[in-house]
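One-letter residues, chain by chain:
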Amino acid sequence: MPELPDVEIFRRFVDETSLQRRLADVRVFNRRVLNDLSPQRLKRALQGRSFHSTARHGKHLFVEVDGSLWLVLHFGMTGHLDFGRQRRTGPHDRVVFVFADEYSLAFVCARLFGRITLAQSVEEFVADKRLGPDAMAVSAQEFALRVCRSRATIKSILMDQSQVAGIGNLYSDEILFRSRIHPAFPGRRLTTGQAACLYRNTRKVLRMAIEREADPWAMPQSCLLPHREREGCCPRCKAALTRQTVAGRTAYWCPQCQRR
């Protein structure tokens, strides 16, 4: 599932390709990604207008439309964006934004878990969805308060978008590995030092992932992610990685470096 680094890459992609182009048409090929928004309403809201700027909060991408409206994109499990001139419609194109100069931006989503909607403001949408602060913008103090007050496992807290927005299954494993914390460790048992370490590594891992175009396999070999597979070994101590379901997701960790 696309996480904060992926969405930041998508945001930069829209900045580079699609701003200041007038929208000539909006083509909806599968309305399931629109939730309760009708194709007609989306088209009326966007046709003849332009994308002016972008923002990101956690796993959500926001595209400003002529200063008065925001297009909101969530990429679900398999979503991404594609851009081109006179491009052919692909089998997984769900919504295509067609510009007057014959270029188009496609929302591609094979498994149909992605979502598109409209919002009056980023702040209003974040409040309405009860999202926590963005993982790259939250302060150290607020981060510690949010992760240390819960009885839940630390992995589930990191992935809870109402606590801190943007972290998913992959990068939570990397953050916990670098912090030497077991994924099933209760959040409220973290020490002040552990919470501070977790905060620093959250920012470091997400920043590193963005620099590497959100490609887990491009992360340094000292990271967990390039080794995160069946029969993978810890890059620090060479112990066999443990693979188990934690918080409903498949987690990987080192049983030596991340003792419970």
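These numbers come from a predicted model, not from an experiment.

A. Here's a closer look at the packing of helix α6 (residues 169-179) against helix α7 (residues 192-211). It is the contact of α6 with α7, at a shortest axis distance of 9 Å, that shows an interaxial angle of 130°. It follows that α6 is oblique to α7 by the angle criterion. Helix-helix and strand crossings are classified by hand; for α6 and α7 the assignment is right-handed. In contact with Tyr171, Glu174, Ile175, Leu176, Arg178 and Ser179 of α6, α7 contributes Cys197, Leu198, Asn201, Thr202, Lys204, Val205, Leu206, Met208 and Ala209. Tallied by class, the residues present in the contact of α6 with α7 amount to 9 nonpolar, 3 polar and 3 charged.

B. Seen up close, unusual backbone geometry. Even without being glycine, Gln20 reaches a positive phi, approximately 65°. Assignment of secondary structure puts Gln20 in the loop between α1 (4-17) and β1 (23-28).

C. Structural context of the nonpolar core. Ranked by internal contacts, the top residues of the largest apolar core, which has 30 residues, are Leu71 and Phe97. Beyond its immediate stretch of four places on either side in the chain, Phe97 contacts Leu23, Asp25, Val26, Leu46, Phe51, Leu71, Tyr103, Ser104, Leu105 and Ile116. Among the nonpolar cores identified, the runner-up in size contains 29 residues, and Ile9, Ile154, Ile210 and Met219 belong to it.

D. Region of the structure containing α1. Helix length check: α1 (14 residues) gives 20 Å between terminal C-alpha atoms against 20 Å at 1.5 Å per residue, within 8%. Taken across its 14 residues, α1 has 10 buried, putting it largely inside the fold. The elements touched by buried residues of α1 are β2 (51-57), β3 (60-65), β5 (80-85), β7 (103-108), α6 and α7.

E. How the structure looks around the sheet that holds β1. Pairing is antiparallel in the open sheet, where 4 strands are placed in the order β1-β6-β7-β5. Strand pairing shows two members of the sheet lacking a second neighbour, β1 and β5, which therefore form its edges. If you compare each strand with its neighbour and ignore which way they point, the axes differ by 15° on average. Bridging between β1 and strand β6 (residues 93-99) involves 5 bridges; their strand directions are antiparallel. From the neighbouring strand, Arg27 faces β6, where its bridge partner is Val96. Lying over the sheet, α1 contacts β5 and β7, oriented at roughly 15° with respect to β5. Packing against the sheet, helix α2 (residues 39-46) makes contact with β1 and β6, and its axis sits at approximately 165° to β1.

Procedures and definitions
- Residues numbered from 1 in each chain as written.
- Predicted model: local features only at pLDDT ≥ 70, side-chain atom pairs only at ≥ 80, totals over all residues.
- Heavy atoms only, no water.
- Axes fitted to C-alpha atoms, helices over the stretch in contact; angles between N-to-C directions.
- Helix = DSSP H or I, 4+ residues; strand = E, 2+ residues; numbered from the N terminus.
- Parallel < 35°, antiparallel > 145°, perpendicular 65-115°, else oblique.
- Left-handed = near helix turned anticlockwise from the far one by under 90°.
- Contact = heavy atoms within 4.5 Å.
- Nonpolar A, V, L, I, M, F, W, Y, C, P; charged D, E, K, R; others polar.
- Core = buried A, V, L, I, M, F, W, Y, C linked by side-chain atoms within 4.5 Å.
- Buried < 20%, exposed > 50% of the residue type's maximum accessible area, 1.4 Å probe, protein only.
- Expected span 1.5 Å × (residues − 1).
- Pairing = 2+ DSSP bridges.

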